[in-house]
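Structural overview for review
Okay, here's what each chain looks like letter by letter:
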Amino acid sequence: MRRRSSASAIASKRAPAPPARLHATGNGAGDPAWAWEERRWRGAVNRVRAGRSLKPARWKNGARMCVALSFDSDHETSTLREGSTSPGRLAQGEYGARVGVPRILELLRRHDLRASFFVPGVVAALHPDEQRRVVAEGHEVAMHGWIHEGTSELTEVVERDLMRRAFDTLAKIAGRPPVGVRVPSWDFSATTLPLIRELGLLYDSSLMADDEPYELLDDGVPTGIVELPVEWIKDDAPYLGMNRATAIRPYTAPSAVLEIFRAEFEGALAEGGLFVLTMHPHIIGHRSRIAILEELIRYMKGMPGVWFATHAEVARYCKATV
Ligand SMILES: [Zn+2]
């Protein structure tokens, strides 16, 4: 009864429908989706699509599966991207550079593992020595936007300019041109794929259409670009992120995060597939959390036939093998 009365109260207060323009989302504009003709919704879906699977029959050196660890070094850009200059909030990201990355590099060195670091252009410019050290220790530095901008809010002209700036900055600082990209917040726009092709990149790691590597289709046309898919499930931020001004809180215990990551790894092992894990130095780098990463690494290394590789190595292997 109570539910019914509150529902009718809402109905009686219902405002007139807003103008159609307010329904626009992302790169869309204009009338609401329910009014679209088939050509339009089909075209939107086909804009960027998963093509053939690039899952190899066997991984490198006969390995059963592949683990690709990645760290998105957002650092201060997780605050700057919102236009905020608060020293208090910037310090939360600074921790990633000051403590997180050194701790991660030390852990990787101890276990003799190579990983990929996705770095915004601004972060590379703020912390050039960090990028040089990451490369010197055998890891990959790849693209992650300019200032962690929301890509789908940009025009194509601005998106191209920022991608080129990010590419040039990383190439100069890391000493070699990046071969891969992870779009900030995985916010892949309708114009991102042609720009990836313009830059001649080997792979993207921002989309979610599969567990296994696949080839990206650009309006139905195979591109040769390798997609190394991600998922929020395999990301530390949704479980452990913290923003005082929003409802973002670390709701999940590190032990529970370990349990989820381990189950994802075990599933990939059972299927002979790929396990891509996304982490952030300012999140996973804390004492109570770097501990679960080490425990996970120990567990994975204890399994026979696991190939640990950077994203670039995985993409090259899949492209050459499948
Ligand atoms: Zn990021």
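This write-up is about the structure you can find in this document. (Residues numbered from 1 in each chain as written. Predicted model: local features only at pLDDT ≥ 70, side-chain atom pairs only at ≥ 80, totals over all residues. Heavy atoms only, no water.)

So, on to the environment of Arg 165. Considering the arrangement of structural elements, one finds Arg 165 in helix H7 (residues 156-174). Among the residues examined, Arg 165 registers a relative accessible area of 35% and is labelled partly exposed. Distance in space between the C-alpha atoms of Arg 165 and Gly 88 is 28 Å, their sequence separation being 77 residues. (Helix = DSSP H or I, 4+ residues; strand = E, 2+ residues; numbered from the N terminus. Buried < 20%, exposed > 50% of the residue type's maximum accessible area, 1.4 Å probe, protein only.)

At His 75, a residue that is not glycine, the phi angle is positive and equals roughly 40°. Topologically, His 75 is positioned in the loop between strand E2 (65-72) and helix H3 (77-80). Look at Trp 186: it is not a glycine, yet its phi comes out positive at around 55°. Inspection of the secondary structure puts Trp 186 in the loop between strand E5 (180-181) and helix H8 (192-198). Given the relative accessible area of 10%, Trp 186 is considered buried.

All right, on to H7 then. For H7, with 19 residues, the first-to-last C-alpha span of 26 Å sits near the 27 Å given by 1.5 Å per residue. Turning to H7, its buried residues are Glu 159, Leu 162, Met 163, Ala 166, Phe 167, Thr 169, Leu 170, Ile 173 and Ala 174. Against the buried residues of H7 lie strand E3 (116-119), helix H5 (121-126), helix H6 (128-136), strand E4 (140-143) and H8. Once H7 ends, the next one or two residues include Gly 175, with phi positive near 85°. (Expected span 1.5 Å × (residues − 1). Contact = heavy atoms within 4.5 Å.)

End to end, helix H10 (residues 254-271) covers 26 Å across 18 residues, agreeing with the expected 26 Å (1.5 Å per residue, within 8%). Those residues of H10 that sit buried are Val 257, Leu 258, Phe 261, Phe 265, Ala 268 and Leu 269. Relative to the axis of H10, the buried residues are bounded by an arc of 110° and lie together on one face. Summarising the geometry of H10, the exposed residues directed more than 90 degrees from the buried face are Ser 255, Glu 259, Ala 270 and Glu 271. Contacts from the buried residues of H10 go to E2, helix H9 (236-240), strand E9 (274-279), helix H12 (287-301) and strand E10 (306-308). Of the residues flanking the end of H10, it is Gly 272, one or two places downstream, whose phi is positive at about 65°. (Arc of directions from axis to C-beta.)

This part covers the pairing of E3. Burial along E3 is two-sided: the residues Ser 116 and Phe 118 and Phe 117 and Val 119 are all buried. Sheet analysis places E3 next to E4, joined by four bridges and oriented parallel. In the strand pairing of E4, Phe 117 is matched with Val 141. (Pairing = 2+ DSSP bridges.)

With that settled, consider the packing of aromatic side chains. Here the structure, examined in full by the defined rule, presents eight aromatic pairs. An angle of 40° between the planes, with centres 6.5 Å apart, marks the rings of Trp 59 and Trp 307 as tilted. Taken as a pair, Trp 59 in the loop between strand E1 (48-53) and E2 and Trp 307 in strand E10 lie far apart in primary sequence, 248 residues in all. Trp 307 carries the same exposure label as Trp 59, and that label is buried. (Phe/Tyr/Trp six-rings, centres within 6.5 Å; stacked < 30°, edge-to-face > 60°.)

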